[in-house]
Structure formats: structure tokens, C-alpha cells
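A structural walkthrough
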Amino acid sequence: MKITCVIPAYNEAKNISLVVSGVRPFVDEVVVIDDCSSDDTSELAKQAGAIVFRHPLNRGQGAALQTGNDYALEHQADIIVHFDADGQFLPEEIKDMVAPILEGRADIVFGSRFLGKKSNLPAFKKYLIMPLAQAFTRVILGIKLSDPQNGFRAMSRTAADRIRINNREMAHNSEIQIKSFQEKLRITEVPITVVYHHFGQKLSGGFQVVKDLLIHRIIK
Amino acid sequence: MLQQIIAIIIIVFFVFRLVAQKKKKIISNNEFSLWLAFWLVAAAAIIFIKQIDRLVAWLGFSGTGINFLIYIAVLALFYLVFRLQLNLAKMDRNITEIIRQITLKK
């Protein structure tokens, strides 16, 4: 089984070498999609052993992930892992993420910060943003997953083939979850650890996600 | 009455401009039809403003016909902005697809 790790990166020169070299022992191939960084992200990722593609214009994380998926599908990947470039995920947890697919129990696996493992989530995020996001995804979108905004996921070839990411920015997290349910894929959640170096998505970003989801649902 | 005449003159000016643009093939048939319909409806609304006043009163609104037209115009503007946003989103999606093709074909 060929496992390809797709890492979208934008101005991540500080972290990318460590992330790529950390991930490499757990996958067959690491693909970094440099989303038009103005620093040395591409060069450093190449030096660390990744296959690198560079968007000529900044298009957002969702767009970079779909570019990576297209490459991985073209190059016969059996499992695609999405992994962040900022070093907030633990590479050794990749094996827990791909296990349900390797065992034939799931088509798509979502990482979750709320299933036991400890993440140093900022309090504002933990007690306000996350409960709001969880309520929105459960009540409005009908998604029953514990973590509505997690970028650590693994998908089988079938899942990647059936889910086309149209939201080029942060709404892709919810979009992938929605499409997984719509496509009736076998979905599993796996507890993961997230090490926060910065706050990440703010409350205003949440409203942008809702707006993007609505627009993309209308234009299909 | 004078205001109505001025408004009609302005509309006639825009209709002439529209026809000229059509002749020079600056706008498509569909655009021409849409804008012509818009100006004709605007002219009709101005000519029959008294009847609109009566219609508005009959519908139970307290304002005059011109107020009613402004409400309709605001609603139409909201709708146009919404359509514009959808078109921009479609264009944005196409740009992303082109960028992806360029990125992977290099």
C-alpha cells in the first residue's frame, strides 16, 4: 500500500524541514504544495526529501490540499494523509491514522482533539469557538464528529477520488466532512495530539467558513 | 410633472446609448434585452406613478408609489450583489483550477 503525505505550506521555512523529515519514516512519499510562499519553504522542503510543487498564486490551504490529492491520485497513492506544515501534529500518530484504512475498517479517518489525548488548546478556542463550531456542524450540517476543524486526516484512494475540495480556504475542513457523509464513506475518528504554537483560526474565521460553505453549496 | 419629464429624458438618453452599444457589438443580445427591459419598466413606473400610488395604497402600504419603487430597487440591488458574489466565487474556483493545472504540468 502506497501512503502519500500531502503537506500544504505557506511561508513555513521555520518548520518545514523538521516536519518533512519527521513525517518521512511513516509514509512512502511526502508531497509539499508550496502555496506561493515568499520565503524558502520550497527549497527547504526539497532538501528535506519532499516532492515539491509551487502554486504560482496564493490560493489557500484547501486549494493546496486538492492539488496534492490530484498528484497523489495520478501517482497511484493508496492512502493520502493530510498533515499541517506548522509542526502542530505529531508524525508518529500517522500510523494510528492510517491503521483503520489498512485494516479495511474505514475509507476516511479524521483526527480528533477531543477523544482523550491532551492538546494544549487555547481556552478561548476550547470553551467558545469549538463548542460553537461543534453545535453548527451537528445541528445545521448534520455531521456527528467530535472535532469539526481538524486538518489531520487520512483517506483511501476511493475517498480521495469521490471528494473534490472546492473550498480553497479554511472551509475545506467542513466540506470534506460533509462530502464524506454525503458519499456514505466509512468514517472513523482517531484521537490525536495538537501542539499549539499559535492561536490559529479565530472566531471571525468561523463566520467566513459558514459564508464560504453557503456560497459553494449554491454554485456547486 | 416636470420631474417625470426629466426622468423620461434621462431614460431615453440611456436607451439611445444602449442601442448604440448594441450596434457596436459592445454588449450581447441578452444584455441588450435585459437592460432594455429594465429601462422600459423604469419608464412605465414613472409614467404610471399615480396608478402605482393607488396600487400601493390598495396593498395597505402607508407610503407613496415612489417609496414603494425605492424599496423594490433596494431589494433588486441586494439580489444583484448576491448574484455578483456567486459569479465571483465561480470565477475564483476556475482560477484555482487553472493554477492547479499549471502547478502539476510544470
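Being a predicted model, the structure only gives us computed values, none of them experimental.

**What to know about the overall build of chain A**
Of regular secondary structure, chain A possesses 8 helices and 7 strands. Computed over C-alpha atoms, the radius of gyration of chain A comes to 16 Å, within 12% of the 17 Å expected from 2.2 N^0.38 for 220 residues, which places it in the range of a compact globule. For chain A, the C-alpha atoms occupy an extent of roughly 45 × 40 × 35 Å along the three principal directions. Expressed as a percentage of the 220 residues in chain A, the buried residues total 47%. For chain A, contacts bridging at least 24 residues in sequence account for 76% of all contacts bridging at least 6.

**Here we look at the overall build of chain B**
Assigned secondary structure in chain B consists of 4 helices and 0 strands. The linear arrangement of helices and strands in chain B, starting from the amino end, is α-α-α-α. Put simply, chain B has 106 residues, and 6% of those count as buried.

**Re unusual backbone geometry**
Residue and element names in this part refer to chain A. Its identity as a non-glycine residue notwithstanding, Cys36 has a phi of 65 degrees, on the positive side. Topologically, Cys36 is positioned in the loop between strand S2 (29-34) and helix H2 (41-47). Taking the number of C-beta atoms within 10 Å as the measure of exposure, Cys36 has 17 and is therefore partly exposed.

**Some details on the environment of His216 of chain A**
Summarising the element assignment, His216 of chain A is placed in helix H8 (residues 203-219). Along the backbone, His216 of chain A and Glu175 of chain A are 41 residues apart, and their C-alpha atoms lie at a distance of 9.4 Å.

**Some thoughts on the packing of helix H3 (residues 49-58) of chain B against helix H4 (residues 65-105) of chain B**
All names here are of chain B. Where H3 meets H4, the closest approach of the two axes is 8 Å, and the angle between their N-to-C directions is 80 degrees. By the angle between their directions, the pair H3 and H4 is classed as roughly perpendicular. The segment H3 lies against H4, with Ile49, Ile52, Asp53 and Val56 engaging Gly65, Ile66 and Phe68. Within the contact of H3 with H4, the residues separate by chemical class into 5 nonpolar, 1 polar and 1 charged.

**Here's the deal with the nonpolar core**
General note: in soluble globular proteins, nonpolar side chains tend to be found buried as a group. Ranked by internal contacts, the top residues of the largest apolar core, which has 51 residues, are Cys5, Val6, Ile7, Val30, Val31, Val32 and Val81 of chain A. When residues no more than four places from it in sequence are discounted, the contact partners of Val31 of chain A are Thr4, Cys5, Val6, Ala50, Ile51, Gly68, Tyr71 and Ala72 of chain A.

**A word on the sheet that holds strand S4 (residues 79-82) of chain A**
Strand pairing in a sheet relies on backbone hydrogen bonds. The paired strands run either parallel or antiparallel. All names here are of chain A. Strand order in the open sheet made by the 7 strands is S3-S2-S1-S4-S6-S5-S7, with mixed pairing throughout. Edge positions in the open sheet fall to strand S3 (51-54) and strand S7 (187-191), since each of these has one partner strand only. Across the sheet, the mean angle from the axis of one strand to that of its neighbour is 20 degrees, orientation sign disregarded. Sheet contacts for helix H3 (residues 61-74): strand S1 (3-9), S2, S3 and S4; angle to S1, the most-contacted strand, approximately 155 degrees.

**Points about the domain arrangement of chain B**
Domain assignment breaks chain B into domain 1 (1-47) and domain 2 (64-106). Computed from C-alpha atoms alone, the centre-to-centre distance between domain 1 of chain B and domain 2 of chain B is 24 Å.

**A look at the interface of chain A and chain B**
Counting from both sides, the interface comprises 17 residues of chain A and, opposite them, 11 residues of chain B. Among the secondary structure elements, those contributing two or more residues to the side of chain A that touches chain B are S3, H3 and H8 of chain A. The biggest single contributor to the side of chain A that touches chain B is H3 of chain A, with 5 residues. In terms of residue class, the side of chain A that touches chain B is made up of 8 nonpolar, 5 polar and 4 charged.

Criteria and thresholds
Residues numbered from 1 in each chain as written. Chains lettered and ligands numbered in written order. Predicted model: local features only at pLDDT ≥ 70, side-chain atom pairs only at ≥ 80, totals over all residues. Helix = DSSP H or I, 4+ residues; strand = E, 2+ residues; numbered from the N terminus. Rg over C-alpha atoms; globule rule 2.2 N^0.38 Å. Buried ≥ 20, exposed ≤ 12 C-beta atoms within 10 Å, placed from the backbone. Contact = placed C-beta atoms within 7 Å. Axes fitted to C-alpha atoms, helices over the stretch in contact; angles between N-to-C directions. Parallel < 35°, antiparallel > 145°, perpendicular 65-115°, else oblique. Nonpolar A, V, L, I, M, F, W, Y, C, P; charged D, E, K, R; others polar. Core = buried A, V, L, I, M, F, W, Y, C linked by C-beta atoms within 7 Å. Pairing = 2+ DSSP bridges. Domains from an automatic or database assignment.

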